[in-house]
Amino acid sequence: MFPEITRDDVFRLETERLWLRWPRAADAEEIRQHVGDPDVALMTASIPHPYAPHDANAFIASVREENGDGGGLHLVITPKNRPNEPIGLVSLHGADRRGSATFGFWLGKPYWGQGYTTEAARALIDLAFGITSLDRIVSSARPDNRSSLHVHEKLGFHRTGRGMRPAPARGGEMEVELFELKRGEAHTLFGARRPRFFSP
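Residues numbered from 1 in each chain as written. Predicted model: local features only at pLDDT ≥ 70, side-chain atom pairs only at ≥ 80, totals over all residues. Heavy atoms only, no water.

**Concerning the environment of P23**
Here comes step 1: As for its position among the elements, P23 is in the loop between β2 (18–21) and α1 (28–35).
Here comes step 2: Spatially, the C-alpha atom of P23 lies 8.7 Å from that of A61, the residues being 38 residues apart in sequence.
Here comes step 3: With residues up to four places along the chain from it excluded, the contact list for P23 reads I60, V63, R64, N67, H74, V76 and L89. (Helix = DSSP H or I, 4+ residues; strand = E, 2+ residues; numbered from the N terminus. Contact = heavy atoms within 4.5 Å.)

Below you can see the structure in the form of structure tokens.
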């Protein structure tokens, strides 16, 4: 799905306040602390709770592999003044033959309410529609996750219904609101300061 330019771990995206980069082994403890918070983990389908150190190590290894083969792009969110401290993550993965990929994200609780997720997600979405052949991006959120629903609205996603989604970390399925964003609808999301990307 993603071209060669994103498949090296020096690839990064710059926004007004953030650097987005590949996760590293050294990020494991910061990631564990953030997603170990039940207010973060329990709103997701895939983050186990409690979250052990080996969970963080396995996650980092798996997403680095997916980044490397181009099957997805998972980038940690870091403040520009602290580029070695991940505070969250945005990702696109699971591309199918219909030109669709799935958007996901989480943000550490101390950083909620400051617009970081929206800023990071806009950069990733802009990149994806700019350098891949994706036609649409799909996503989902729990109906009681107001913050996630608000992020989707700010990003321009449209609700397409409600359904059940496999939630292995929750022991079964969970009800979610379903969203999509089509290629032609994304061009108005970004202001004059577009994200920049850097690669080898």
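**Quick word on the pattern of salt bridges**
Here comes step 1: As enumerated under the stated definition, the model contains 14 salt bridges in all.
Here comes step 2: The salt bridge involving R162 is made with E177; its shortest N-O contact spans 2.5 Å. In this pair, R162 sits in strand β7 (residues 158–167) while E177 sits in strand β8 (residues 172–182), placing the two residues 15 residues apart along the sequence.
Here comes step 3: Assessed through its relative accessible area of 48%, R162 is described here as partly exposed.
Here comes step 4: Linked through salt bridges whose partners overlap, the residues forming this network are E153, R159, R162, E175 and E177. (Salt bridge = Lys/Arg side-chain N within 4 Å of Asp/Glu carboxyl O. Buried < 20%, exposed > 50% of the residue type's maximum accessible area, 1.4 Å probe, protein only.)

**Details of the side chain of E14**
Here comes step 1: Tracing the chain through its elements places E14 in strand β1 (residues 12–14).
Here comes step 2: Since its relative accessible area comes to 9%, E14 is described here as buried.
Here comes step 3: At 2.7 Å, the side chain of E14 forms a polar contact with the side chain of K80. (Polar contact = N/O pair within 3.5 Å; in protein donor to acceptor, adjacent residues only side chain to side chain.)

**Describing the pairing of strand β6 (residues 136–141)**
In summary, the side chains of a regular strand alternate between the two faces of the sheet.
Here comes step 1: Burial of β6 is extensive: 5 of the 6 residues sit out of reach of the surface.
Here comes step 2: Pairing of strand β5 (residues 100–107) with β6, which is carried by 3 bridges, proceeds in the parallel orientation. Residue pairing in the sheet places S100 in a bridge with R136 of β6.
Here comes step 3: Crossover β5 to β6 through helix α4 (residues 116–131) is right-handed.
Here comes step 4: Here β6 runs beside β8; their pairing, made up of 6 bridges, is antiparallel. Counted as the bridge partner of V138 is E180 from β8. (Pairing = 2+ DSSP bridges. Right-handed = clockwise from strand over helix to strand, strands pointing away.)

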